[in-house]
Amino acid sequence: MALAKRNGKLKGKQPKLPEPARRSIRRRYAEGEVSLADLATEYSVGRSTIHRIVHRATPDNETPAP
């Protein structure tokens, strides 16, 4: 692990969804288009994953959805 870390290969756990999908989820939920459960079904992830995406601060320093 130390060698991987030195070489910049240690990345940790990767996100379940790519950033474009995360942006779409935030936008659609904020606009009231769909519920958390509907998004979870659509993207084949748990509701808790969608909840984290919607309610946590984003990397672009956007404010999280209400």
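None of these values were measured; they are calculated from a predicted model. (Residues numbered from 1 in each chain as written. Predicted model: local features only at pLDDT ≥ 70, side-chain atom pairs only at ≥ 80, totals over all residues. Heavy atoms only, no water.)

K.L.:
Is there a simple way to think about helix H4 (residues 47-55) in this case?
P.N.:
An α-helical turn contains 3.6 residues, so a residue and the one three or four places further along point in the same direction. Among all positions in H4, only Thr49, Ile50, Ile53 and Val54 are buried. Projection of H4 onto a plane perpendicular to its axis shows the buried side chains occupying an angular sector of 130 degrees, all on one side. Residues of H4 that are buried in the fold lie against helix H2 (19-30) and helix H3 (36-43). (Buried < 20%, exposed > 50% of the residue type's maximum accessible area, 1.4 Å probe, protein only. Helix = DSSP H or I, 4+ residues; strand = E, 2+ residues; numbered from the N terminus. Arc of directions from axis to C-beta. Contact = heavy atoms within 4.5 Å.)

K.L.:
What is the right way to look at the nonpolar core in this model?
P.N.:
In this structure, Leu17, Ala21, Ile25, Val34, Leu36, Leu39, Ala40, Val45, Ile50, Ile53 and Val54 together form the largest nonpolar core, which totals 11 residues. Setting aside residues no more than four positions away along its own chain, Val34 makes contact with Arg28, Tyr29 and Leu39. (Core = buried A, V, L, I, M, F, W, Y, C linked by side-chain atoms within 4.5 Å.)

K.L.:
Mind showing me how you'd approach the packing of H2 against H4 here?
P.N.:
Taken N-terminus to C-terminus, the directions of H2 and H4 make an angle of 80 degrees; their axes are 9 Å apart at the nearest point. Taken together, H2 and H4 sit at an angle that is classed as roughly perpendicular. Between H2, through Arg22, Ile25, Arg26 and Tyr29, and H4, the contact on the second element is made entirely by Ile50, Ile53 and Val54. Taken together, the residues of the contact of H2 with H4 break down into 5 nonpolar, no polar and 2 charged. (Axes fitted to C-alpha atoms, helices over the stretch in contact; angles between N-to-C directions. Parallel < 35°, antiparallel > 145°, perpendicular 65-115°, else oblique. Nonpolar A, V, L, I, M, F, W, Y, C, P; charged D, E, K, R; others polar.)

K.L.:
Would you mind going over H3 with me for this structure?
P.N.:
Of all the residues in H3, the buried ones are Leu36, Leu39 and Ala40. Buried residues of H3, viewed axially, fall in a sector of 100 degrees; they line one side. A positive phi of about 55 degrees marks Ser44, the residue just after H3.

K.L.:
How should I be thinking about unusual backbone geometry in this particular structure?
P.N.:
Leaving glycine aside, a negative phi is the common case for residues, and trans is the common case for peptide bonds. Although it is not a glycine, Ser44 adopts a positive phi angle of roughly 55 degrees. As for its placement among the helices and strands, Ser44 is situated in the loop between H3 and H4.

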